[in-house]
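As a plain string of letters, each chain reads:
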Amino acid sequence: MTASSVWLVRHGETEWSRDGRHTSLTDVPLTEAGVAAAREVGRRLAGRTFALVLTSPRLRARRTAELAGFPGAVVDDDLAEWFYGTFEGITTAEIRKSKPRWTLWDGPVPGGERASDVGRRVDRVIGRVRAVDGDSLLFGHGHSLRVLTARWLGQPVADGRLYRLDTGTISVLGYENGSAVVDRWNA
C-alpha cells in the first residue's frame, strides 16, 4: 500500500533551535513561542484523520504532538534528530571557527552519526508510512525531517540541505502521477 500523504511537523521553538545550536539528545523545553506554534499546528490539523501518527522520542517533539492534539503519537526512535556528538549545543558558526568550510551534510561529526546512518533510519520510517493505508503524521526535527524529505524524493541524504525547515511548521509529502513529490513545504 502507498500512503496518500505524509505530513511532517517540526517541533516548536526551543531556546537552542532559536539560537541555532545543534540539538539532538539534549531535551530542551519549548519556549512560549514554541508552545503557541504547537497549538497553532493543532488548529491547522483539526478535523484531519491519520492512519499513523509517529513522534521522535525527544521531549520537544512529543510535547509538540501533545499540544497539537496528538497525545497518543507512537514514539519512533528512527525519527530522532541527527546525533551531533561533540557538536551538541554548538552552532555552525562556532564549529566553523576551527573548520571553516564545515557543513553537517558532508563534514565529519566527531562522536556523532554519519549522514548514511541518518539515511538508514529515515528510510525505515518511510517504509512504515508507505505500508499503511491512509495519511501519516510525523513529529520530528529539522535535520532528520530534511533527510526524510530527500530520501522520500529518491535523493541522496546530503540533498536534505536544500530543504530549509523552520520550527512549528507543517510540510506535506505525497505523490503525483506515481512520482514522490513535495505538496507543501515549511507552511
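Since the structure is predicted, the reported quantities are computational estimates derived from the model, not experimental observations. (Residues numbered from 1 in each chain as written. Predicted model: local features only at pLDDT ≥ 70, side-chain atom pairs only at ≥ 80, totals over all residues. Heavy atoms only, no water.)

Enquirer: Where do I start with helix H5 (residues 115-130) in this structure?
Expert: In an α-helix there are 3.6 residues to a turn, and that puts residues three or four apart on one side. Taking 1.5 Å of rise per residue, 16 residues should cover 22 Å, and H5 covers 22 Å from first to last C-alpha, within 8% of that figure. Within H5, the full set of buried residues consists of Val 118, Gly 119, Arg 121, Val 122, Val 125, Ile 126 and Val 129. Each buried residue of H5 sits inside an arc of 165° when the element is viewed along its axis, so together they form one side. On its buried face, H5 sits against strand E1 (6-10), strand E2 (52-55), strand E4 (136-140) and helix H6 (142-152). (Helix = DSSP H or I, 4+ residues; strand = E, 2+ residues; numbered from the N terminus. Expected span 1.5 Å × (residues − 1). Buried < 20%, exposed > 50% of the residue type's maximum accessible area, 1.4 Å probe, protein only. Arc of directions from axis to C-beta. Contact = heavy atoms within 4.5 Å.)

Enquirer: Looking at this structure, I do not really get the environment of Pro 156. What am I missing?
Expert: Relative to the elements of secondary structure, Pro 156 occurs in the loop between H6 and strand E5 (170-176). On the basis of relative accessibility, which here comes to 47%, the residue Pro 156 falls in the partly exposed class. With residues up to four places along the chain from it excluded, the contact list for Pro 156 reads Ala 150 and Arg 151.

Enquirer: Got a minute to help me understand the pattern of salt bridges in this structure?
Expert: Working definition: two side chains of opposite charge can pair if their charged atoms are close together. This model, assessed by the stated rule, comprises 13 salt bridges. Its salt-bridge partner being Arg 124, residue Asp 78 comes within 2.7 Å of it at the nearest N-O pair. Within this pair, whereas Asp 78 is found in the loop between strand E3 (74-75) and helix H4 (92-95), its partner Arg 124 is found in helix H5, the two being separated by 46 residues in sequence. Look at Asp 78 and you get buried, because its relative accessible area is 11%. When the shortest N-O distance is used, the salt bridge between Arg 128 and Asp 78 registers 2.6 Å. One end of the pair, Arg 128, is in helix H5; the other, Asp 78, is in the loop between E3 and H4, and 50 residues separate them in sequence. Residue classification places Arg 128 among the partly exposed positions, given a relative accessible area of 32%. Bridged by salt links that share partners, the residues Asp 76, Asp 78, Arg 124 and Arg 128 form one connected network. (Salt bridge = Lys/Arg side-chain N within 4 Å of Asp/Glu carboxyl O.)

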